[in-house]
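This is what each chain is made of:
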Amino acid sequence: MSGYRFFRARVGAVTDLTPSFRRFTFTGPELAGFADPGFDQRIKIVFPASAAALEAMPTGDDWYDVWRRMDADARPPFRTYTTRAVRRGIPELDVDMVAHEVIGPASAWIARAGVGDEVLILGPAEPHNGVSFGVDFVPPAHTGAYLLAGDETAAPAIAAILEQVPADARGIVVVEVPHPDDVGYLPHHPGFTYRVAARAHGARHTHLVPAVQEAAAALVPPGRGSEVEEVDIDGGLLWEVPRTARGGAALRSAPLYAWLAGEAGAIRQLRRHLVADHGVDRRAVAFMGYWRLGRAEA
Ligand SMILES: Cc1cc2nc3c(=O)[nH]c(=O)nc-3n(C[C@H](O)[C@H](O)[C@H](O)COP(=O)(O)OP(=O)(O)OC[C@H]3O[C@@H](n4cnc5c(N)ncnc54)[C@H](O)[C@@H]3O)c2cc1C
């Protein structure tokens, strides 16, 4: 497995792509060593706080334990994001961030950050052997169809996946976004049908849940469902990525591979529907609770 480390970077450009998606292009010499395993590579971004400058962030191998032992006020906050694009030669990387209305450290930073502002990014480092445990899109080599689904926080990962799956891949993309003008955010892939819509009257999951159920029915016939264990989404993490110990896909082939990410309540419901009700093989369903309504990430 290849290593992760902290990279110091500054904002080189801010681009409003749609009402909800703001692209931050990060730059700086350290990013020349940032690896690009692709797909939905996750990263952590550390933000400066009034009482906790970036220099206060522990960056050794035991950074998390040290960070947890620090006084809460003295800790620089961090949140999880996805690399949307990596241009090592420049070097630059894009992260598409949603500014949501309930303010946490990330959304506060997103609302006011401008060119020159600095962050630390924990991400994959060169030299890289191509297998990243920060990449959760791990489909079987022979996948009949893909179902990519999530809310706006999953859209950057879905966008990167759509750009990187082969041209002859086929499937359905279901995404629920906050605003009707966000619908055009995703890149076009000729083999995919897009069911992307704004949530009705601001109510979460009104499009996502029924559209995933319809997509599953359109992609594979119902099979024999298997039990799924209840996950306590308010106390723990909702996360399962079927893979081998070496990081490869759990199955060699599958008629359907589903990748589901977003608000944990919706993702739990979708996973139950696919595995327990529709009978999709659980080894072909990756599900990630990216955030939980009413709960801060850290
Ligand atoms: C692997 C992974 C990849 C991710 N990739 C991206 C990405 O590329 N782009 C992106 O925009 N987000 C992404 N996210 C989601 C992002 O990490 C969360 O939205 C994060 O909680 C935002 O931090 P915050 O400081 O604004 O809010 P927090 O301090 O974490 O939470 C404060 C409050 O805001 C609420 N909240 C958090 N996120 C949202 C939201 N999106 N909408 C409404 N309310 C919210 C919480 O429920 C809580 O009540 C990803 C998450 C994971 C785990």
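Keep in mind it's a predicted model, so treat the numbers as computed, not measured.

Colleague: What should I look at first to understand unusual backbone geometry in this one?
Modeller: Excluding glycine, residues mostly carry a negative phi; peptide bonds, for their part, are mostly trans. Cis geometry is found at the peptide bond from Ile90 to Pro91, where omega equals -10 degrees. Position of Pro91 relative to the elements: it lies in the loop between strand E5 (85–87) and strand E6 (92–98). Put simply, Glu126 and Pro127 share a cis peptide bond, and its omega is -5 degrees. Of note in the backbone geometry, His201 takes a positive phi value of approximately 50 degrees without being a glycine. Judged by relative accessible area, His201 falls into the exposed class, the value being 83%. Even without being glycine, His205 reaches a positive phi, approximately 75 degrees. With respect to the secondary-structure elements, His205 resides in the loop between strand E10 (192–198) and helix H4 (208–219). With a relative accessible area of 17%, His205 lands in the buried category.

Colleague: So what exactly am I meant to see when it comes to the pattern of salt bridges here?
Modeller: When the charged atoms of two side chains with opposite charge come close together, those side chains can pair. Using the criterion set out here, one finds 20 salt bridges in the structure. A salt bridge links Arg283 to Asp281; the shortest N-O distance between them is 2.8 Å. One connected set of salt bridges, linked through shared partners, spans Arg23, Arg84, Asp96 and Glu163.

Colleague: I'm lost on the domain arrangement of the protein chain in this one. Help?
Modeller: Where interface size is given, it is often the accessible area lost as the parts come together that is meant. The domains assigned to the protein chain are domain 1 (4–124) and domain 2 (142–291). Taking only C-alpha atoms into account, the centre of domain 1 sits 25 Å from that of domain 2. If you look at the interface, domain 1 gives 15 residues, while domain 2 gives 21 residues. Carbon and sulfur atoms supply 61% of the area that domain 1 and domain 2 bury against each other, a total of about 1400 Å² over both sides. For the domain 1 face of the interface with domain 2, the top three residues by lost area are Phe21, Phe39 and Arg84, together amounting to 42%. Counting every contact that joins domain 1 to domain 2 gives one salt bridge. Note that Glu163 and Arg84 form a salt bridge whose closest N and O atoms lie 2.9 Å from each other.

Calculation rules
Numbering of residues starts from 1 in every chain and runs along the sequence as written. Per-residue local features of the predicted model are confined to residues with pLDDT of at least 70, and side-chain atom pairs are confined, for both listing and counting, to 80 or more; whole-chain, interface and lining totals are unaffected and use all residues. Values reported for side chains reflect all heavy atoms of the structure, with hydrogen atoms and water molecules removed beforehand. In DSSP terms, a helix is any run of H or I states spanning at least four residues, a strand is any run of E spanning at least two, and both are numbered starting from the N terminus. Burial classes follow relative accessibility: with a 1.4 Å probe on protein chains only, a residue under 20% of its type's maximum area counts as buried, one over 50% as exposed, and anything between as partly exposed. The salt bridge definition used is simple: a Lys or Arg side-chain nitrogen within 4 Å of an Asp or Glu carboxyl oxygen. Domain extents, as shown, originate in an automatic or database domain assignment. Residue contacts follow a heavy-atom distance rule, with two residues in contact if any of their heavy atoms lie within 4.5 Å. Summed over both partners, the accessible area lost on bringing two parts together, with a 1.4 Å probe, is the buried area.

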